[in-house]
Amino acid sequence: MDIKRVKDYIYWLYYQYLLITCSYVLEPWEQSMFHTITVTVFAMVVYTAYVFVPIHVRLAFEFFSQIFGGQPESTVS
Amino acid sequence: MTFLSVVSCTQIMLLNHIVHNGGLYKRPFNEAFEETPMLVAVLTYVGYGVLTLFGYLRDFMRQWKIEKCQNATEREEQKDFVPLYQDFENFYNRNLYMRIRDSWNRPICSVPGAKVDMMERVSHDYNWTFTYTGRVIKDIINMGSYNYLGFAQKAGTCQQAAAKVLSQYGAGVCSTRQEMGNLDKHEELEKLVARFLGVESAMAYGMGFATNSMNIPALVGKGCLILSDELNHASLVLGARLSGATIRIFKHNNMQSLEKLLKDAIVHGQPRTRRPWKKILILVEGIYSMEGSIVRLPEVIALKKKYKSYLYLDEAHSIGALGPSGRGVVEYFGLSPEDVDVMMGTFTKSFGAAGGYIGGKKELIDYLRTYSHSAVYATSLSPPVVEQIITSMKCIMGEDGTNVGKARVQQLAENTRYFRRRLKEMGFIIYGNEDSPVVPLMLYMPAKIGAFGREMLKRNIGVVVVGFPATPIIESRARFCLSAAHTKEMLDTALKEINEVGDLLQLKYSRHRLVPLLDRPFDETTYEETED
């Protein structure tokens, strides 16, 4: 019973996605094209975030901690 | 018609009925237009963006013959001429409207009362062509017909009287009013309409749209000024353009904007010559059918008297539907019909017939009998239709001996209040005045327009959804028209289904933050703030 509710809920979310992006009114081949493009763009965004965000956050943290914490530290090292 | 003269300062001081807004209204005026939520607006644009891109793709494929072109195009020999189908309206039509076209032009096969039968149709090529399956969907709750007082019936006193007149006079008139088409039934109808409205005289025409578009050119011409509301109906706009007068638009129901235009018109006169305008005509409607808003008639009449202009009131939707005895928006505000110069209305909505009328002073109507294009060239009303109007009007006035008419007017008011209250409680965004029987429910996103129409039809409720050319592009809506023929059970069923569909499609956008209306005191300096 729970599996059915979860499946219905996921289907409802998919239906909302179709309505908001107006792919509900497109023909099936247009829908496939649109889904492919959307999934590709989303996958690229996720991959970029995974690769770059931790490194950038670490560098930013070091930069700011240098400014506020490490004033007497010499910048020539 | 007289020339307009500049009103002097002392005369303005003497007109003491324009003191405060509060003094003009005898009852509270509750109108609200909730603002579009920002996220919804952004997502609507995203949706339209996606559809536009796919529209360009399909147009490209049609041009390069990758896909068969099923819409109208120019012939091969005319390909080098000025293109006919390249503007936005045609692009929208081909690529957006066609995809959701099955919600419109649905064929019904019974009388459009509270319940209606519809012929089922399917499309195998994505709405380019339709085929009938042969099945008839029965007893669909009809929330789309303008059947405000429930006179669209196939049995009852109106129908019997119309059938009797049909056997006496036949169906055709075969002439115009001026020639041989003036029946005694028409004279009887016109006297009755004049008595119903409380005016001196009235004239009836065969078509409501033609009443507006053919009579405004007879009343105004070049050298006159027309001040028309932003959201006026196409018939008023067409009539105003045909007349050749200068047209200026004021913001919807915004009295400050109207006063500014009137002041400018009187102070500056005509554009180049600075002569005074021959006539200033204000065009407003009683109920605006796309917004569900009611005109601020006391203020319009106060302005009209202050600046000595004329008022043309189009009561197409409000006659029979507003007012304690159904006499329209003038009675709803408790004003006198003599203040409105030209009272126009239609018999299509509350009387269950067809045609339009114009009421006013005897000299005006006698003038229109000779100079109106509709009277000279258009066929007059058909006799059974006239009899339907006469019987239904007598019923509303109570002259047929029963109080069916009064009961219907009261039932409509109750239905309106109940339906609007329940929808607001559910959390939908509803536009318009609390007392108007036209209820627009906002949908915003283009895919939801098609989805709403189809889902409601699956649940046996027929609704009218409205999209781009009739409304601004992001503000698409579903428009419910309430009727005195709807019982409370029908309304409850409809509300339950609307609730379900609202949850399914996520239509409950309301955050209960209403935009307060500009109900400030009516002094000279107020209009400066609305300048933009």
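What you are looking at is a predicted structure, and each value in this text was computed from that prediction instead of being measured.

## Focus: the confidence of the model for chain B
Residues and elements named next belong to chain B. Summarising the model, chain B shows a mean pLDDT of 88, and 92% of its residues fall at 70 or more. Across residues 518-532 the pLDDT falls below 50, and counting only partners more than four positions away or on other chains, this stretch makes 26 contacts in the model. Here the predicted complex carries an ipTM of 0.82, next to a pTM of 0.86.

## Quick word on the nonpolar core
Residue and element names in this part refer to chain B. The biggest cluster of nonpolar side chains holds 123 residues, and the ones touching the most others in it are Met 143, Phe 347, Phe 419, Leu 423, Phe 452 and Phe 480. Two domains share this core, each providing at least three of its residues, namely domain 1 (1-142 + 403-512) and domain 2 (157-397). Setting aside anything within four residues of it in sequence, one finds Phe 452 in contact with Leu 443, Val 463, Val 465, Ala 478, Phe 480, Val 501, Leu 505 and Leu 507. Core analysis: the next-biggest nonpolar cluster, separate from the first, contains 21 residues, Val 220, Ile 226, Ala 245 and Met 344 among them.

## Some thoughts on the environment of Val 295 of chain B
Residues and elements named next belong to chain B. Turning to its location among the elements, Val 295 is positioned in the loop between strand 9 (293-294) and helix 10 (297-307). Of the residues examined, Val 295 reaches a relative accessible area of 1% and is grouped as buried. Sequence spacing of Val 295 and Asn 253 is 42 residues, and the spatial spacing of their C-alpha atoms is 6.1 Å. Not counting chain neighbours up to four residues away, the residues in contact with Val 295 comprise Phe 29, Asn 253, Val 284, Glu 285, Gly 286, Tyr 288, Val 300, Leu 313, Val 329 and Phe 333.

## What about the domain arrangement of chain B?
Residue and element names in this part refer to chain B. According to the domain assignment, chain B consists of domain 1 (1-142 + 403-512) and domain 2 (157-397). Centre-to-centre separation of domain 1 and domain 2, based on C-alpha positions: 25 Å. In this assembly, 38 residues from domain 1 lie in contact with 37 residues from domain 2. Both sides of the domain 1 and domain 2 interface together cover about 3,300 Å² of buried area, and 63% of this is carbon and sulfur. Counting across the interface, domain 1 meets domain 2 through one salt bridge. Among the ionic pairs, Glu 291 bridges to Arg 477, the shortest N-O distance being 3.0 Å. Applying the counting criterion to the domain 1 and domain 2 interface returns nine residue pairs in polar contact (both at pLDDT 80 or more). Of all the elements in the fold, those that place two or more residues in the side of domain 1 that touches domain 2 are helix 1 (9-14), helix 2 (21-24), helix 15 (404-426), strand 13 (432-433), strand 14 (438-442) and strand 17 (477-481). For the side of domain 1 that touches domain 2, the element with the highest residue contribution is helix 15, accounting for six residues. In terms of residue class, the side of domain 1 that touches domain 2 is made up of 21 nonpolar, nine polar and eight charged.

## What about the interface of chain B and chain A?
Contacts between chain B and chain A engage 22 residues on the former and 16 residues on the latter. Both faces considered, chain B and chain A share a buried interface measuring about 1,800 Å² in area, 71% of it formed by carbon and sulfur atoms. It is Phe 54, Tyr 126 and Ala 447 of chain B in chain B that bury the most area against chain A; as a group they hold 28% of the surface buried on that side. Scanning the region where chain B abuts chain A turns up three salt bridges. Sorting the residues of the side of chain B that touches chain A by element identifies helix 3 (38-63), helix 16 (446-458) and helix 17 (488-505) of chain B as the ones contributing at least two each. Ranked by residues supplied to the side of chain B that touches chain A, first place goes to helix 3 of chain B with eight residues. Across the side of chain B that touches chain A, the residue classes tally to 14 nonpolar, two polar and six charged.

## Topic: the side chain of Arg 477 of chain B
Residue and element names in this part refer to chain B. Structurally, Arg 477 can be placed in strand 17. A polar contact is formed between the side chain of Arg 477 and the side chain of Glu 291, at a distance of 3.0 Å. Polar contacts involving the side chain of Arg 477 include one to the main-chain carbonyl oxygen of Glu 475, which spans 3.3 Å. Once residues lying within four places of it in the same chain are set aside, the contact partners of Arg 477 are Met 290, Glu 291, Tyr 431, Pro 440, Leu 441, Met 442, Leu 443, Val 464, Val 465, Val 466, Thr 471 and Pro 472.

## Focus: the environment of Thr 129 of chain B
Residues and elements named next belong to chain B. Looking at where Thr 129 falls in the secondary structure, it is placed in the loop between strand 2 (115-122) and strand 3 (131-142). Considering only alpha carbons, one finds Thr 129 and Arg 454, 325 residues apart in sequence, at a separation of 17 Å. Among all residues touching Thr 129, those that are not within four sequence positions of it are Arg 101, Val 122, Ser 123 and His 124. A polar contact of 3.0 Å, which involves the side chain of Thr 129, links it to the side chain of Asp 125.

## Focus: the packing of aromatic side chains
Residue and element names in this part refer to chain B. Summed over the entire model, instances satisfying the criterion amount to 24 aromatic pairs over all chains. Taken together, a centroid distance of 5.9 Å and an interplanar angle of 70° make the contact between Tyr 25 and Phe 333 edge-to-face. Placement of the pair is Tyr 25 in the loop between helix 2 and strand 1 (31-32) and Phe 333 in the loop between helix 11 (329-332) and strand 11 (342-346), with a sequence separation of 308 residues. Here Phe 333 falls in the buried class, since its relative accessible area comes to 3%. Taken together, a centroid distance of 4.9 Å and an interplanar angle of 65° make the contact between Tyr 92 and Phe 468 edge-to-face. Of this pair, Tyr 92 sits in helix 4 (residues 88-97) while Phe 468 sits in the loop between strand 16 (464-466) and strand 17, and the two are 376 residues apart along the sequence. Both residues of the pair, Tyr 92 and Phe 468, belong to the buried class.

## A closer look at the UniProt feature "transmembrane region" (unreviewed entry) in chain A
All names here are of chain A. Taken from the UniProt record, the annotation "transmembrane region" (unreviewed entry) applies to residues 9-26 and 32-53. Secondary structure across residues 9-26 comprises 67% helix and 0% strand; the distance between its end C-alpha atoms is 23 Å. Secondary structure across residues 32-53 comprises 100% helix and 0% strand; the distance between its end C-alpha atoms is 31 Å.

## Section: the sheet that holds strand 6 (residues 246-250) of chain B
Residues and elements named next belong to chain B. The strand order across the open sheet formed by seven strands is 4-12-11-10-7-5-6, and the pairing between neighbours is mixed. The open sheet terminates on both sides in strands that have one partner only, identified here as strand 4 (201-205) and strand 6. On average, each strand axis in the sheet is tilted by 20° relative to the strand beside it, whichever way the strands run. For strand 5 (residues 225-229) and strand 7 (residues 280-285), the ladder comprises four bridges, and the chain directions are parallel.

The rules behind the values
- Residues numbered from 1 in each chain as written.
- Chains lettered and ligands numbered in written order.
- Predicted model: local features only at pLDDT ≥ 70, side-chain atom pairs only at ≥ 80, totals over all residues.
- Heavy atoms only, no water.
- pLDDT = per-residue confidence, 0-100.
- Contact = heavy atoms within 4.5 Å.
- Core = buried A, V, L, I, M, F, W, Y, C linked by side-chain atoms within 4.5 Å.
- Buried < 20%, exposed > 50% of the residue type's maximum accessible area, 1.4 Å probe, protein only.
- Domains from an automatic or database assignment.
- Helix = DSSP H or I, 4+ residues; strand = E, 2+ residues; numbered from the N terminus.
- Buried area = accessible area lost by both parts, 1.4 Å probe.
- Salt bridge = Lys/Arg side-chain N within 4 Å of Asp/Glu carboxyl O.
- Polar contact = N/O pair within 3.5 Å; in protein donor to acceptor, adjacent residues only side chain to side chain.
- Nonpolar A, V, L, I, M, F, W, Y, C, P; charged D, E, K, R; others polar.
- Phe/Tyr/Trp six-rings, centres within 6.5 Å; stacked < 30°, edge-to-face > 60°.
- UniProt positions renumbered as here; feature names shortened; annotations may be inferred.
- Pairing = 2+ DSSP bridges.
- Axes fitted to C-alpha atoms, helices over the stretch in contact; angles between N-to-C directions.

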